[in-house]
Amino acid sequence: MIATALAASLALATTQAQEPATVWAVGDGADGSAIAQRLARRIERSRPEAFLYLGDVYPGGTAEDYRRNWRPVYGRLDPITSPTPGNHEWWAREQGYIPYWRRYGRAKPWYRFEVGGWEVLSLNSEAPHGPGSPQLRWLQRVLSTGEGTCRIAFWHRPRFSSDSVHGDGPDIAPLWNALQGHARLILNGHGHVMARYKRRGSLTQYLAGTGGKVRYGVLDDPRLAFARSDMTGALRMTLSPGQAELEFRAVNGQRLDRSSATCRGTVSVTGR
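Let me sum up the structure you'll find in this document. (Residues numbered from 1 in each chain as written. Predicted model: local features only at pLDDT ≥ 70, side-chain atom pairs only at ≥ 80, totals over all residues. Heavy atoms only, no water.)

Note that strand E11 (residues 233–240) and strand E12 (residues 243–250) share eight bridges and pair antiparallel. Residue alanine 234 lies in a different strand from E12, and its bridge partner there is arginine 249. In this structure, the hairpin formed by E11 and E12 is closed by a connection of two residues, where glycine 242 is found at a positive phi of approximately 80 degrees. Looking at chain direction, E12 and strand E13 (residues 255–262) are connected through seven bridges and run antiparallel. Of the residues in E13, the one forming a bridge with alanine 244 is alanine 261. Taking the residues between adjacent antiparallel strands as the criterion, E12 and E13 are bridged by four residues, where glycine 253 takes a positive phi near 95 degrees. (Pairing = 2+ DSSP bridges. Helix = DSSP H or I, 4+ residues; strand = E, 2+ residues; numbered from the N terminus.)

Now the structure itself:
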């Protein structure tokens, strides 16, 4: 009887471990607006395992901004949120970002965790990230500890951008170059558009900066595989070992783009 019960328990654990994980990602929406709240409720109704916030708490990331503009929008997702700081809140991090996320153990400027069989790296475009920086050294150490490409990295300001306001971020190249061959998906905000870029080496970049703040235009760019900026929306991912299904969803639930990615190798991450 004990052996039978143990076998049943192990089988259940194996089945649960193989179940896909729903993960959403979006940035540039913590402004307290009604449209941002609608998008957050749609995300919440899907009962995701994780929510990646791609940065920017408006207008300045202060404690008051978290109270007035973050909490009404994403506050109910706090227990499953993994953030990265944006340019709007990093300057006031000692008053807003760090004390707010410390209660959930997510106040570090960069960290990692595992979901759906993928290693997820929260990096920081607002902290030093050039050659010799503590962040880049940390990233290089992490990447040296495991083989394969089953990693997702996210931060605020993108390496490549076709929005009508910001454009490319050449200073991000050290992070991008370190991840090449060691990761599969890159997620960013900052540009208030939804965009999927054509694959470069092992990396496919997604921009999901349409969380609710005023949207930007999209420039013609041959690097783009998909782009929209006329709707508020977010990126929904279904993750399982070796596989990711990705969809840009509008606030009304409409599917705007669908793509997939495969990776090689397995991950095992302890802590953040």
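Back to the write-up after that little detour.
With that settled, the discussion passes to the sheet that holds strand E3 (residues 81–83). Pairing within the open sheet is mixed, and its six strands lie in the order E3-E2-E1-E11-E12-E13. Sheet topology places E3 and E13 at the edges, where each strand pairs with a single neighbour. Recorded for the sheet is a direction-independent mean angle of 20 degrees between the axes of neighbouring strands. Pairing of strand E2 (residues 50–53) with E3, which is carried by three bridges, proceeds in the parallel orientation. Bridged to leucine 52 within E3 is serine 82. With respect to the sheet, helix H2 (residues 34–45) is in contact with strand E1 (21–26), E2, E11 and E12, its orientation differing from that of E11 by roughly 15 degrees. (Axes fitted to C-alpha atoms, helices over the stretch in contact; angles between N-to-C directions. Contact = heavy atoms within 4.5 Å.)

What follows is about the packing of H2 against helix H3 (residues 63–74). Two elements in contact, H2 and H3, have axes whose closest approach is 8 Å; the angle formed by their N-to-C orientations is 35 degrees. On H3, the residues touching Ala36, Gln37, Ala40 and Arg41 of H2 are Pro72, Val73 and Tyr74.

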